[in-house]
Amino acid sequence: WLFSDGLATVSLFVEDFDKTRHTQEGMIASGATHTLLKRMNEYWLTAVGEVPPQTLKNFAQSLERKR
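Residues numbered from 1 in each chain as written. Predicted model: local features only at pLDDT ≥ 70, side-chain atom pairs only at ≥ 80, totals over all residues. Heavy atoms only, no water.

Peer 1: Just to check I follow, could you spell out the overall build of the protein chain for this structure?
Peer 2: Helix and strand counts for the protein chain stand at one helix and five strands. When the helices and strands of the protein chain are listed from N to C terminus, the series reads β-β-β-β-β-α. Its C-alpha atoms give the protein chain a radius of gyration of 12 Å, within 12% of the compact-globule value 11 Å for 67 residues. Seen through its principal axes, the protein chain has C-alpha atoms that stretch 35 × 30 × 15 Å. Long-range pairs, those at least 24 residues apart, make up 38% of the contacts in the protein chain between residues at least 6 apart in sequence. Summed over its atoms, the accessible surface of the protein chain is roughly 5000 Å², and 50% of this surface lies on carbon and sulfur atoms. (Helix = DSSP H or I, 4+ residues; strand = E, 2+ residues; numbered from the N terminus. Rg over C-alpha atoms; globule rule 2.2 N^0.38 Å. Contact = heavy atoms within 4.5 Å. Areas by Shrake-Rupley, 256 points an atom, 1.4 Å probe, with all protein chains shown as cover.)

Peer 1: Could you clarify how one ought to interpret the sheet that holds strand 2 (residues 9-16) in this entry?
Peer 2: Each strand in a sheet pairs with its neighbour through backbone hydrogen bonds, running either in the same direction (parallel) or in the opposite one (antiparallel). Spatial ordering of the open sheet is given by 1-2-5-4-3, a layout of five strands whose pairing is antiparallel. One side of each edge strand has no neighbouring strand; the edge strands of this open sheet are strand 1 (2-4) and strand 3 (26-30). Pairwise comparison of adjacent strand axes, ignoring direction, gives a mean angle of 15 degrees for this sheet. The sheet contact formed by strand 1 and strand 2 spans three bridges and is antiparallel. Across the sheet, the residue bridging to Leu-2 is Ser-11, located in strand 2. Strand contacts of helix 1 (residues 53-62): strand 1, strand 2, strand 3, strand 4 (33-40) and strand 5 (43-49), with the helix running at about 30 degrees to strand 4, the strand carrying the most contacts. (Pairing = 2+ DSSP bridges. Axes fitted to C-alpha atoms, helices over the stretch in contact; angles between N-to-C directions.)

Peer 1: What is the right way to read the pattern of salt bridges from this model?
Peer 2: Pairing of side chains with opposite charge becomes possible as their charged atoms draw close. Going through the model one piece at a time under the given rule, you end up with three salt bridges. Where Arg-21 meets Glu-15, a salt bridge forms, and the shortest distance between an N and an O atom there is 3.0 Å. Between Glu-42 and Arg-65 there is a salt bridge, with its nearest N and O atoms 3.4 Å apart. Note that Glu-42 is positioned in the loop between strand 4 and strand 5 and Arg-65 in the segment after helix 1, a separation of 23 residues in sequence. (Salt bridge = Lys/Arg side-chain N within 4 Å of Asp/Glu carboxyl O.)

Peer 1: What is the right way to look at the side chain of His-22 in this model?
Peer 2: By the secondary structure assignment, His-22 is in the loop between strand 2 and strand 3. Not counting residues within four places of it along the chain, the set of residues in contact with His-22 comprises Glu-15, Asp-16, Phe-17 and Trp-44.

Structure (structure tokens):
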């Protein structure tokens, strides 16, 4: 998913968790771009954006699976 307010954007990527590929959770910074890597039950979340780290954490905490 791609979210934008016209100035900043946040991209969210959700995929099935694979213990051989998804080995490290955390926050990575590269200039103004931050990346959040997080396991969420059976899924792996990658959130990327030119936003403060807390914004990515807020996105991650707000996600919920609906069936």
